[in-house]
Structures are given as structure tokens and as C-alpha cells.
Amino acid sequence: MPECPPSLLAVSHEATRTGAVHSLLHLLEFFREKGSFEIRSLLFSGGANLKRFEAFGPVTKTSERDRERISTLLDGVDIILVNSAASSSALRSLGELGVPIVLFVHELMHELSLINEQDLVALSTIPDRYISCSEAVASNLQSQLGISADKIDIIGELVPIERILARATSSTDESGSVNVPENIPLVGAVGNPSWRKGIDLFLHTAATFLNEHPGRAHFVWIGGGESRDERQRIEFEIDQLKLRDSVTITGILENPFPIISALDVFTLTSREDPYPLVMIEAAVLGIPIAGFAGSGGFDEFARDFGGLVVSPRTPDAMAGAVAELLDSPELGKHESLDIGALDVSRLAPRFKAVLTETLKGTAHRPSLPASDVAGKLTARQYPVEVRLVSDHSRIFETVVHCNDTDDTFIELPIDQNLSKPGRIRLSMNSGPAGISLTGLIAHDGDGHQIQLPATAEPSMGSGLTNDQGKWIATGYQSRIYISDIPCSTRKLSMTIRISIYEHFLNPYDDKKPSKNHWLGKLLTKSNP
């Protein structure tokens, strides 16, 4: 009798037509076809792709902060794939029962800056492993969030090439309903016409190009979904630039590929775009591409697969690139390169390998059964990772030294050189437990010791006490701020004591302790 495949919970913030959602759907379709996982889905909002999620198996739609309902979904789940940093607000709930988590990240700094601080801490500490859609995203995770490079796998976005080619020649396409002139070159872009996608830069590129080359091309933005206010701003800009007869915005199309395949030039005008699916889709259809340098994944795509890279956020430069590609399309084409390397059939097995390896190698994630909490703790059984980031370029780890008595606490000594002294924030993302900070000593450049003040600031409504000179914070998210560190400080020593209380194992139901509980990780990072 064949073995049952592992159970995968796929988590998505929505079921819309966005690139991140489509990439996840292509991956899940591959897993279903190959029988790789038994799939169930958790969505925080619906959208046009809801039925595609329902085709994989059970779908639960709930709030990302509904801890009780989310916890019921984890019974029988072997591994969790969280799609997009937009789902980070659910990570604390998902991490409570110790199921291994892989986070598929599609975002760069602008999108991450929209996430609140608590969710960013969860994003940077809770997942066991990260999959990045591009080198740019991986680099950002390391430099801005302090995530270790050995926890990040760069794989890419996923597209089904054969399906794209088939849909591009579909007889049921909607291109006939799109008002674009015939017998004139088409210059296009695809996506939600938003500020991040550079709809304004696209319109100014069109105005610049048409001022220099009147009537030589028609510009088409394929996509929609913007708010009414945003649409009004776009219409106003079109009128101000006198582009009413030269630009078409199609709105949402069920099948955009016939009109994409009709483009003569594809422009990627995004201010920030990690590794857009539309860029890959245009390349699959053989459309020459121009994109802004430094916007994200386009630089590496152009390096690997071809494309014309132009000065960042400069409509004049993009207009010049459009003229160049209309004259010499081969400059932005990809025919001699292996675009098939981007197909879902080539990349999905790498996703499966990461998920399988994570599933097999999660012994480092502490699991504390209620019956064992009152017993002895050892570093070998219950390691806790501490990362001290005194600037964005250095990450340190310290070994957990556990008390070998019946007392249920762990002491974590930190003794590290600081390359950039300043205010340091210690955030504990751990589930309810007491934090006690003792023996906070700084060492100046001459080796002199200085006793430093510290303040503890709990969150999530938990209490704060001062116990005989020790700053105590209890709560699901506890923070200790160490301020006023002198500029001469070169070394910091402290001991963090974490007390574990059995009745805190399940903060949502004291009468029904959870089967296990993740003590979690401590993250310290600079906060100048």
C-alpha cells in the first residue's frame, strides 16, 4: 500500500490575480499533479482565484489574527508554506504548535515597510526557512532583516510556459474588445496600474516618446484593479499629457496573453518589482523587454535572459529604449537563451526539495510537552537561538546554557564585541514567559566596565514588574530597550533569564494545555 504524502498547509493573504498568488497556484498545481503533498489552504481574503484553491482540497477563509481558528487547522499538518510577506501577521499564530514553516518571499523594501514592527519581528524569526523569488529579495532579507544566508533558498517565480503559449493563441481571447488601433506598433506594460508598478512613469514615457515620434506607436497598459481615486488620478494624468488617443488601459482581462503577444515592446516601469511574472511571460512570448535598473529582479533577469536595462525611473531613458527596440527588437529578445529554465516543471521540484528537507530537519525547533516543562532542561534538548545585530552587517549566535535542576528557566549569556554602539532593542517572540535581564555591563575601548540602565516594555497587554532591581517583562511579545550606550562602548555583556511557567503553555485556554509550545527565538537588533 503506497505511503500517504505529507500534508501541506498553503497560506495566502488573498486569492486575487496578483503575481504572488499566481506563482503559488502554479506550484500547488504541480504538487497536485505529481501527488507530492496532500494540500489544504488557508486564505485571509478571497478573490477571482478562489475556485482554483478549492480544487486542491479544503479551503479555510479567516482572519490572519484569529488564533483559535488557525490553531484548529494545524492538526495533522506536516509542513506550512506561507506565501508572501503579506501573510506575516499570521506567523505568530501559525508558529505556536511547532509545525515547520517555509516562507516564500516576493517583496522588497517598499512592501516590507508597510508591515508593522511586530509582524516584521515574526517574519524575521519564526520561519524555519525562506524561499526568495530573486537575488535582490534574498539580499534584502539579509541586509535589512538580519536573516542568515544559509536559511534562504533563491529559486524564483513560477510560470507554466506551455499554458501561456496556448492561451496566447486562444480563439476565446478578449483582445477584440480592447480599443487599440491596428497597423501600428504597440508598446505595453502589464499589472495593477499603481504607483509601485510605475503607471505614472509609463504615461510620461509615452508622452516623451510621442513628442519625439508622433503617431509611431500606441501605448497599452494591460490590467486593472485600482481604486476609484487612483483611476481618477490616472485619467487626469492622461488628459494633462494629452494622451487620450494614444494610451489604452484595458482593465482586468480574463486572458491577457493574446494582447501581450501582440506587443512590439514590453516596458517594465516598476519602481520596485522583486521578479515580476509578467516579465517572464513577455519573454516566453518573445517580446523584447526594457526595464529600469535597480528596480529589483529585472537586473538579474536581463543578465541571465536578455533585456535592455535603462536608467532608473527616467521616462526619457525609457522612451529612448522603446525607440531603440522598435528599430532593433533583437536587443531585448531572448530567443537564444533557455527561457524553459523558468518553467514551473523545472523550478517546482526545487520547492519540493526545500519543503522536504525542512520537514526532515526541524529538530532545532523546540517542542515543550506540558509534562516535560517542569523537568530538567538541557541545551541539547531545547536550544534557543539568539542573534545580536549591532549593525546590519554582523550577526552573532550564542549557545544556550540551561540550568540542570528542577527550576524551569533558561539563562542566556551574551558577550559580544560591538562594531556600532548605540541603542539596542531586544525583542522576544516566544509565547508567554517571563524575561529577566540581569548583569548588564558595557566595556569601553580601554576595558573599563560601565553599568548600563535598561527599560523593559511589554506588549500584547501583559504586565511589567520590577523585582528587586531586575526588569521583568511578560507577554507574547516582550521587548527590552537598552539605551544610552556610550559611543566608546566596544563590548556588551548581559544575561537574559527566561522563566517558563506551565500554566502559560496555552495562553488562550488555561484549562486545556496545548500539546506543545514553541519557546521561540530572541532577536536583538540595532535601533539607532
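To start, this report covers the structure provided alongside it. These figures come from a predicted structure and were not determined experimentally. (Residues numbered from 1 in each chain as written. Predicted model: local features only at pLDDT ≥ 70, side-chain atom pairs only at ≥ 80, totals over all residues. Heavy atoms only, no water.)

### Quick notes on the sheet that holds strand β6 (residues 129-132)
Part 1 of the argument: With parallel pairing, seven strands are arranged side by side in an open sheet as β3-β2-β1-β4-β5-β6-β7. Here the strands that pair on one side only, and so sit at the sheet edges, are β3 (59-61) and β7 (152-154). Strand-to-strand twist in this sheet, taken as the mean axis angle between neighbours without regard to direction, amounts to 20°.
Part 2 of the argument: Sheet analysis places β6 next to β7, joined by three bridges and oriented parallel. The partner of Tyr130 across the bridge, within β7, is Ile152.
Part 3 of the argument: Each of β1 (7-12), β2 (38-43), β4 (79-83) and β5 (101-105) touches helix α1 (residues 19-34); the most contacted strand, β1, lies at about 165° to it.
Part 4 of the argument: Strands in contact with helix α7 (residues 135-145) are β5, β6 and β7; relative to β7, the strand with the most contacts, it is inclined by about 165°. (Pairing = 2+ DSSP bridges. Helix = DSSP H or I, 4+ residues; strand = E, 2+ residues; numbered from the N terminus. Axes fitted to C-alpha atoms, helices over the stretch in contact; angles between N-to-C directions. Contact = heavy atoms within 4.5 Å.)

### Quick notes on the packing of helix α9 (residues 199-212) against helix α10 (residues 228-240)
Part 1 of the argument: Interaxial distance between α9 and α10 falls to 11 Å at its minimum, and their mutual angle equals 15°. It follows from the interaxial angle that α9 and α10 lie roughly parallel. The two elements α9 and α10 cross, and the hand of that crossing is right-handed. Here Ile199, Leu203 and His204 of α9 lie close against α10, whose contacting residues are Glu230, Ile234, Glu237 and Ile238.
Part 2 of the argument: Each residue belonging to the contact of α9 with α10 can be placed in one class, and the counts come to four nonpolar, one polar and two charged. (Parallel < 35°, antiparallel > 145°, perpendicular 65-115°, else oblique. Left-handed = near helix turned anticlockwise from the far one by under 90°. Nonpolar A, V, L, I, M, F, W, Y, C, P; charged D, E, K, R; others polar.)

### Let's talk about the environment of Gly296
Part 1 of the argument: Relative to the helices and strands, Gly296 is located in the loop between β12 (289-292) and α13 (298-305).
Part 2 of the argument: Along the chain, Gly296 and Asp273 lie 23 residues apart, while their C-alpha atoms are 5.2 Å from each other.
Part 3 of the argument: Setting aside residues no more than four positions away along its own chain, Gly296 makes contact with Leu108, Ala136, Asp273 and Pro274.

### Some thoughts on α10
Part 1 of the argument: If you check α10, its first and last C-alpha atoms are 18 Å apart, about what 13 residues at 1.5 Å a residue would give, namely 18 Å.
Part 2 of the argument: For α10, the complete set of buried residues consists of Glu230, Ile234 and Ile238. The arc that holds every buried residue of α10, seen down its axis, measures 80°, which confines them to one face. For α10, the exposed residues set more than 90 degrees away from the buried face come down to Arg228 and Phe236.
Part 3 of the argument: Along its buried surface, α10 packs onto α9 and β10 (247-249).
Part 4 of the argument: Lys242 lies just past α10 and shows a positive phi near 60°. (Expected span 1.5 Å × (residues − 1). Buried < 20%, exposed > 50% of the residue type's maximum accessible area, 1.4 Å probe, protein only. Arc of directions from axis to C-beta.)

### Description of unusual backbone geometry
Part 1 of the argument: Phi is positive for Ser84, close to 85°, though the residue is something other than glycine.
Part 2 of the argument: Inspection of the secondary structure puts Ser84 in the loop between β4 and α4 (91-94).
Part 3 of the argument: Positive phi, normally seen in glycine, also occurs at Arg313, with a value near 50°.
Part 4 of the argument: Its location among the elements puts Arg313 in the loop between β13 (308-310) and α14 (315-327).

### Quick word on the nonpolar core
Part 1 of the argument: Judged by nonpolar contacts, the single largest core of 94 residues is most densely connected at Leu28, Phe31, Ile80, Leu94, Phe266 and Phe301.
Part 2 of the argument: Apart from residues no more than four positions distant in its own chain, Ile80 is found in contact with Leu8, Leu9, Val11, Leu74, Leu94, Val99, Pro100, Ile101 and Val102. (Core = buried A, V, L, I, M, F, W, Y, C linked by side-chain atoms within 4.5 Å.)

### Quick word on the packing of aromatic side chains
Part 1 of the argument: Considering all chains together, one arrives at nine aromatic pairs under this definition.
Part 2 of the argument: Each ring, one from Tyr275 and one from Phe301, has its centre 6.1 Å from the other, and the planes form 70°; the classification is edge-to-face. Here Tyr275, found in the loop between β11 (265-268) and α12 (277-284), pairs with Phe301, found in helix α13; they are 26 residues apart in sequence, far enough to count as distant. Neither residue differs from the other here; Tyr275 and Phe301 are each classed as buried.
Part 3 of the argument: By way of ring pairs, the aromatic residues Phe202, Phe209, Phe219 and Trp221 are connected into one cluster. (Phe/Tyr/Trp six-rings, centres within 6.5 Å; stacked < 30°, edge-to-face > 60°.)

Nothing here speaks to function; it is all geometry.
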